[in-house]
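Each chain, written out:
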Amino acid sequence: MSDYRITVLGGGAWGTALALTMQRAGNAVRLWARDAKTVAAIGKDENPRYLPGIKLDPTLDATSDLKAALADADCVLVVTPAQVLAQVLDDIQPRVPEGVPLVLCAKGIESGTGRLPSQIASSILPQNPVAVLSGPSFAADVARSLPTAVVIAARAEAEAAALAHRFSTESFRCYSTDDLTGVEIGGALKNVFAIAAGAVTGAGLGASAQAAMVTRGFVELRRIAAAFGARPETLMGLSGLGDLLLTCSSVQSRNFAYGLALGRGEELSGRPLAEGVATAAIAARIATERGVDAPIITAVAQILAGHVTIEEAVAALMSRPLRQESE
Ligand SMILES: NC(=O)C1=CN([C@@H]2O[C@H](COP(=O)(O)OP(=O)(O)OC[C@H]3O[C@@H](n4cnc5c(N)ncnc54)[C@H](O)[C@@H]3O)[C@@H](O)[C@H]2O)C=CC1
Ligand SMILES: O=C(CO)COP(=O)(O)O
């Protein structure tokens, strides 16, 4: 084991899976969870609420003491939901020395402000380098050491590459890039399309509708990314096309499962985290503000807000003026 100390914040599915992975990669890991019950469960080598049925490494350490978790950290992975990222960063700000890299693992856009995770981090901890970890990766697969590839983005490619080397294992392969914005937008928006894909399936609209929706959704994703100055090829990669392929096709995705329930007219309250719900509304607003044509994102936001039914949204999408595919 190396003496590189990684603190993972968040004892949910992804935080636990990443803590296991960081440990397998030979780092000294401390996992912080706010919930004492989760800490106690991890002490018994399980996390039944978030990773049911998976036996954890007995050497994985968890604590609910934030100060102890952050002491002497060389790197901090922030693995809490996007909508609480600012609050978590505010909490850790006095305890993280300048220069310690923050690796942001949430996939979403902040409601109300429209900030991407890296923008939130740069405003709260401006003296800390920021990286983002994203890509097609179900926590349960990663926890089980199934082969997975992700991408790490930082403004300086060398920083992303250094982290990629520290985090990679035989089964967890990290690519690197300097297109931070592209990676963040890919990760955030795929959740909106995963909800749409689930809804298409749940409403019984057929496999052809599913393929059309994902393909045209990908067009919207690339348009929005371009409006933010992201590089088109980033969205063709793991955090973009890769994550769309995964989450728009699998009920293992909580966003897809949320959409499925929506399409079937089932109860939606009390479900596991589906980041796309909050992101849909703010992404639709951003698209309007930036003059980007994003009818599917807008439709998802309107359906989730209860302004239109799935049937009405589909009818509106299908009756839009015909155009060249490349427009
Ligand atoms: N589960 C997965 O397969 C993957 C998840 N992600 C992303 O990682 C982020 C976290 O997801 P999961 O761990 O899966 O969610 P989760 O719902 O399993 O766990 C969320 C964790 O955050 C904690 N939390 C919530 N609010 C908090 C607050 N205010 N302060 C401190 N802790 C708080 C919860 O107690 C819980 O431990 C999301 O943005 C998700 O999109 C990314 C890749 C894979
Ligand atoms: O981001 C993920 C896989 O890459 C996890 O997706 P869900 O949050 O929809 O479960």
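So, how was this worked out
Residues numbered from 1 in each chain as written. Chains lettered and ligands numbered in written order. Predicted model: local features only at pLDDT ≥ 70, side-chain atom pairs only at ≥ 80, totals over all residues. Helix = DSSP H or I, 4+ residues; strand = E, 2+ residues; numbered from the N terminus. Rg over C-alpha atoms; globule rule 2.2 N^0.38 Å. Buried ≥ 20, exposed ≤ 12 C-beta atoms within 10 Å, placed from the backbone. Axes fitted to C-alpha atoms, helices over the stretch in contact; angles between N-to-C directions. Parallel < 35°, antiparallel > 145°, perpendicular 65-115°, else oblique. Left-handed = near helix turned anticlockwise from the far one by under 90°. Contact = placed C-beta atoms within 7 Å. Nonpolar A, V, L, I, M, F, W, Y, C, P; charged D, E, K, R; others polar. UniProt positions renumbered as here; feature names shortened; annotations may be inferred. Pairing = 2+ DSSP bridges. Right-handed = clockwise from strand over helix to strand, strands pointing away.

S.K.: Can you walk me through the overall build of the protein in this structure?
M.R.: When its secondary structure is counted, the protein shows 15 helices and eight strands. On C-alpha atoms alone, the protein measures out to a radius of gyration of 19 Å, which is about the 20 Å that the 2.2 N^0.38 rule sets for 327 residues. Principal-axis analysis of the C-alpha atoms gives the protein an extent of 60 × 40 × 35 Å. Expressed as a percentage of the 327 residues in the protein, the buried residues total 51%.

S.K.: Mind showing me how you'd approach the packing of helix α4 (residues 85-92) against helix α5 (residues 117-124) here?
M.R.: The description of two packed helices rests on the angle between their axes and on the distance between the axes. Two numbers describe how α4 lies on α5: the axes approach to 10 Å, and their chain directions differ by 30°. Between α4 and α5, the crossing angle belongs to the class labelled roughly parallel. Considering the relative orientation of α4 and α5, their crossing is right-handed. Two secondary-structure elements touch here, α4 through L85, A86, L89 and D90 and α5 through P117, I120, A121 and I124. Looking at side-chain class alone, the contact of α4 with α5 contains seven nonpolar, no polar and one charged residues.

S.K.: Would you explain the UniProt feature "binding site: NAD(+)" (unreviewed entry) in the protein in this entry?
M.R.: With numbering matched to this structure, UniProt assigns "binding site: NAD(+)" (unreviewed entry) to G10, G11, G12, A13, W14, G15, A139 and R254. Within the element layout of this structure, G11 appears in the loop between β1 (5-9) and α1 (13-24). Under the C-beta neighbour-count criterion, G11 is labelled buried, with 28 such atoms within 10 Å. Ignoring sequence-local partners within four residues, the contact set of G11 consists of T16, L31, A33, D35, T38, V39, I42, N47 and A62. By secondary structure assignment, the location of A13 is in helix α1. If we ignore the near neighbours within four places in the chain, the residues touching A13 are Y50, L51 and A139.

S.K.: Looking at this structure, I do not really get the pairing of strand β7 (residues 148-154). What am I missing?
M.R.: One face of the sheet, then the other: side chains in a regular strand alternate in exactly this way. Most of β7 is tucked away: six of the seven residues are buried. Pairing of strand β6 (residues 130-134) with β7, which is carried by four bridges, proceeds in the antiparallel orientation. The partner of A131 across the bridge, within β7, is A154. Of the pairings in the sheet, the one linking β7 to strand β8 (residues 172-177) comprises six bridges and is parallel in character. By the bridge assignment for β8, A149 is matched with R173. In this region the chain leaves β7, passes through helix α7 (residues 157-167) and returns to the parallel neighbour β8; the handedness of that crossover is right-handed.

S.K.: I would appreciate a short explanation of unusual backbone geometry in the present structure.
M.R.: What you tend to see is this: most non-glycine residues have negative phi, and most peptide bonds are trans. A positive phi is found at D72, a non-glycine position, where the angle reads about 60°. Tracing the backbone through its elements, the reader meets D72 in the loop between α3 (66-70) and β4 (75-78). The exposure class of D72 is exposed, given the 11 C-beta atoms found within 10 Å. For S145, which is not a glycine, the phi torsion comes out positive at approximately 65°.

S.K.: Mind showing me how you'd approach the environment of I282 here?
M.R.: Mapped onto the secondary structure, I282 falls in helix α13 (residues 276-289). I282 sits in the buried class, given 23 other C-beta atoms within 10 Å. Spatially, the C-alpha atom of I282 lies 7.1 Å from that of I109, the residues being 173 residues apart in sequence. In contact with I282, not counting residues within four places along its chain, are I109, S111 and G114.

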